[in-house]
Amino acid sequence: EEEAEGEEEEGEEDYVVVYYYLIVALLIGMITFKIINTMKLSVPYTVAVFVEGFVVGGVHYEFFEASTGNFGNSLEMWVGINPHLLLYSLLPILIFGDSMKLNFEI
């Protein structure tokens, strides 16, 4: 009975750990958006976020793969996400955001 309670608590902690990377990624995205708009950079937001994600993944696998902290566990959970879920949930938001900035005047 005690083992079942311990497993249940551990499972609940796994769901909380998933949000660590999500929160950090959202913060990085907001900071990037603010920097691009403040400095009037000509880099598209989606390209900047893609490069940042590529850098975060590369740094994690090159330097921190051996250490299994909560952030590393969270990142590993996001790496294992179903690609169709990721595509159907995040891509429309990015496309909509960029389409609202289009200039239709010739």
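Above this text you will find the structure in question.
Since this is a predicted model, take the numbers as computed values, not measurements. Residue positions are given per chain, counting from 1 as you read along its sequence in written order. With the structure being a predicted model, the display of local features is reserved for residues of pLDDT at least 70 and the display and counting of side-chain atom pairs for 80 or more, all residues being used for whole-chain, interface and lining totals. With hydrogens and water stripped out, all remaining heavy atoms of the structure feed into the side-chain values.

## Some thoughts on the overall build of the chain
Thinking step 1. When helices and strands are counted, the chain shows 4 helices and 0 strands.
Thinking step 2. What you see in the chain, going N to C, is helices and strands ordered as α-α-α-α.
Thinking step 3. The buried share of the chain, reckoned over its 106 residues, is 9%.
Thinking step 4. Every residue pair with non-hydrogen atoms within 4.5 Å of one another is taken to be in contact. Put simply, 62% of the contacts in the chain that link residues at least 6 apart link residues at least 24 apart.
Thinking step 5. A 1.4 Å probe and the Shrake-Rupley method give the accessible areas. Residues count as covered only by the protein chains that appear here. Surface exposure of the chain reaches about 8,900 Å², of which carbon and sulfur atoms provide 67%. Counting from the N terminus, the helices are DSSP H or I runs at least four residues long and the strands are E runs at least two residues long. Buried residues are those whose accessible area, probed at 1.4 Å on protein chains only, stays under 20% of the maximum for their type, while exposed residues exceed 50% and partly exposed ones sit between those limits.

## With respect to unusual backbone geometry
Glycine aside, residues mostly have negative phi angles, and peptide bonds mostly take the trans form.
Thinking step 1. Backbone geometry places Lys-40, a non-glycine residue, at a positive phi of 55°.
Thinking step 2. Along the polypeptide, Lys-40 turns up in the loop between α1 (2-39) and α2 (45-63).

## Some remarks on the packing of aromatic side chains
Thinking step 1. Only Phe, Tyr and Trp rings take part, Trp by its six-membered ring, and two of them pair if their centres are within 6.5 Å. Stacked means planes under 30 degrees apart, edge-to-face means over 60, and tilted covers everything else. Inspection of the entire model under this criterion finds 2 aromatic pairs.
Thinking step 2. Summarising the aromatic geometry, the rings of Phe-33 and Tyr-45 are spaced 5.7 Å apart at their centres and angled 90° between planes, so their arrangement reads as edge-to-face. Taken together, the residues Phe-33 in helix α1 and Tyr-45 in helix α2 connect sequence positions 12 residues apart.
Thinking step 3. Ring centres 6.3 Å apart and planes at 25° place the aromatic pair Phe-50 and Phe-54 in the stacked group. Residue Phe-50 and its partner Phe-54 are both found in helix α2; the two are separated by 4 residues, about one turn of the helix. We note that Phe-50, like Phe-54, is exposed.

## Quick notes on the layout of surface pockets
Thinking step 1. Approximately 1,400 Å³ is the volume attributed to the largest pocket.
Thinking step 2. Cavity: a set of points on a 1 Å grid over the protein atoms alone where a 1.4 Å probe fits but cannot get out. Pocket: an open set with protein on both sides within 12 Å along at least five of seven lines, its lining residues, like those of a cavity, having an atom within 4 Å of a point. Lining the largest pocket are 34 residues, and of these Ala-25, Val-49, Leu-86, Leu-90 and Leu-94 sit closest to its centre.
Thinking step 3. When contributions to the lining of the largest pocket are tallied by element, the ones reaching two or more residues are α1, α2, α3 (70-79) and α4 (83-99).
Thinking step 4. With 11 residues, the single largest contributor to the lining of the largest pocket is α4.
Thinking step 5. In terms of residue class, the lining of the largest pocket is made up of 24 nonpolar, 7 polar and 3 charged. Grid points are joined across faces, edges and corners, and a volume is the space filled by probe spheres set on the points. Gly counts as polar in this scheme, as do all residues outside two lists: the nonpolar Ala, Val, Leu, Ile, Met, Phe, Trp, Tyr, Cys and Pro, and the charged Asp, Glu, Lys and Arg.

## Looking at the environment of Ala-25
Thinking step 1. Checked against the element boundaries, Ala-25 lands in helix α1.
Thinking step 2. Since its relative accessible area comes to 31%, Ala-25 is described here as partly exposed.

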